[in-house]
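Breakdown of the fold
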Amino acid sequence: MKKHLSLLLACVLALALLCACGKKDAVEQTPAPETPPTQTAATGGVDTSCKLYFPNDAVDDLRADTAQIPDTEPAVTTAYAQAIAEQLIVHDALPKGSQVLAISKDGDALTLDMNEAFLAGLRESGSTGELMYMGSLVNTFLDNFNCTTVRVTVEGKPFSTGHTEYDKPLQAFTF
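Treat the numbers as computed from the prediction; the structure is a model and nothing was measured. Counting of residues starts from 1 at the beginning of each chain's written sequence and follows it residue by residue. In keeping with the model being predicted, local features are shown solely for residues with a pLDDT of at least 70 and side-chain atom pairs are shown and tallied solely at 80 or more, while totals for entire chains, interfaces and linings include all residues. Excluded from the side-chain calculation are hydrogens and water; included are all heavy atoms of the structure.

Some points on the pattern of salt bridges
The following threshold applies: Whenever a carboxyl oxygen of Asp or Glu lies within 4 Å of a side-chain nitrogen of Lys or Arg, that contact is scored as a salt bridge. Every helix listed is a DSSP run of H or I at least four residues long, and every strand listed is a run of E at least two residues long, numbered separately from the N terminus. The buried label goes to any residue with under 20% of its type's maximum accessible area, the exposed label to any with over 50%, and the partly exposed label to all in between, with areas taken from a 1.4 Å probe on protein chains only.
Enumeration according to the criterion identifies three salt bridges in this entry. With its nearest N and O atoms 3.9 Å apart, the salt bridge here joins K51 to D143. In this pair, K51 is assigned in strand β2 (residues 46–55) and D143 in helix α4 (residues 126–145), connecting sequence segments 92 residues apart. A relative accessible area of 30% means that D143 is categorised as partly exposed. Notably, a salt bridge pairs D92 with K96, separated by 3.5 Å at the nearest N-O pair. The exposure classification of D92 matches that of K96, with both residues exposed.

Observations regarding the environment of F54
Put simply, the rule is: The contact definition used throughout considers only heavy atoms, calling two residues in contact when any of these lie within 4.5 Å.
Positionally, F54 belongs in strand β2. Placed eleven residues apart in sequence, F54 and D65 show a C-alpha to C-alpha distance of 8.2 Å. Beyond its immediate stretch of four places on either side in the chain, F54 contacts D61, L62, R63, A64, D65, H91, A93 and S136.

Section: the sheet that holds strand β5 (residues 109–114)
Two strands in a sheet stick together by hydrogen bonds in their backbones, pointing the same way (parallel) or opposite ways (antiparallel). Inclusion rule: Pairing between strands is defined by DSSP: at least two bridges between the two strands are required. Under this scheme, a helix contributes an axis fitted over its contacting stretch, all axes are lines through C-alpha atoms, and angles between N-to-C directions fall in the 0 to 180 degree range.
Read from one edge to the other, the open sheet built from three strands follows the order β4-β5-β6, with strand pairing classed as mixed. The strands lining the two open edges of the sheet, one partner per strand, are β4 (100–106) and β6 (149–154). When strand polarity is set aside, the average angle formed by the axes of neighbouring strands in this sheet is 15°. Where β5 meets β6, six bridges bridge the pair, whose relative direction is parallel. The partner of D113 across the bridge, within β6, is T153.

A word on the environment of L88
Secondary-structure assignment places L88 in helix α2 (residues 78–90). Residue classification places L88 among the buried residues on the basis of a relative accessible area of 0%. With ten residues separating them along the chain, L88 and S98 place their C-alpha atoms 9.6 Å apart. With residues up to four places along the chain from it excluded, the contact list for L88 reads L52, Y53, A93, L94, S136, L137, T140 and F141.

Looking at α2
What counts, and what does not: Residue count minus one, scaled by 1.5 Å, sets the expected span of a helix.
Between its first and last C-alpha, α2 extends 18 Å over 13 residues, near the 18 Å set by a 1.5 Å rise per residue. When α2 is considered as a whole, its buried residues turn out to be Y80, A81, Q82, A83, I84, A85, L88 and I89.

Some details on helix α3 (residues 116–124)
Formally: To obtain the arc, one takes the directions from the helix axis to the C-beta atoms.
Inspection of α3 places F118, L119, G121 and L122 among the buried residues, and these make up the whole buried set. Each buried residue of α3 lies within a common arc of 160° when the element is viewed along its axis, so the set occupies one face. In this structure, the buried residues of α3 make contact with β5, α4, β6 and β7 (159–160). Just past α3, the residue G126 takes up positive phi, approximately 80°.

Side note on the packing of aromatic side chains
Put simply, the test is: Each Phe, Tyr or Trp ring, with Trp reduced to its six-membered ring, pairs with another whose centre is within 6.5 Å; inter-plane angles below 30 degrees give stacked pairs, above 60 give edge-to-face pairs, and intermediate values give tilted ones.
For the structure shown, the criterion picks out four aromatic pairs. A ring pair is formed by Y80 and F145, whose centres lie 5.8 Å apart and whose planes are at 70°; its orientation type is edge-to-face. Here Y80 is found in helix α2, whereas its partner F145 is found in helix α4, with 65 residues between them in sequence. Looking at Y80, the relative accessible area reads 3%, which means it is buried. With relative accessibility at 5%, the residue F145 sits in the buried group.

Keep in mind these numbers describe shape, not what the thing actually does.
This is the structure we're talking about:
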């Protein structure tokens, strides 16, 4: 009888240990809270996330994704704007060679001055490509700088591509 009682007690203890282990796994599966930008070890800079808009596979709409912009503080600066533009270029959402020359924000209006390579790429892309490039640029900057309009200039002046005159502030592109 003592033998059966000892065996039963050992089984109960084993079950208790297994149940305790199961609770630990449940706790580990809960999502971690959002964390602020993290320090990078190599440079001491900050990794920030940025929402990017770029053409979908059918090139008939934009999709969004998040990218990390390392070593750049999220601010209305040319360096931060260029880091975002470089991410757009990587996602084929801006013409290669595009550069942000200047950026400024006044209330909820953003002004973005681009280089001639940006304009040349727009003109070579056809009407659909132009629409995707401009939609990607405008929607990305509207979202990341909390604005309602973006005025895009080239070398400080309004521009035309042959398809569209860009002489007014632009709002979010919808397809």
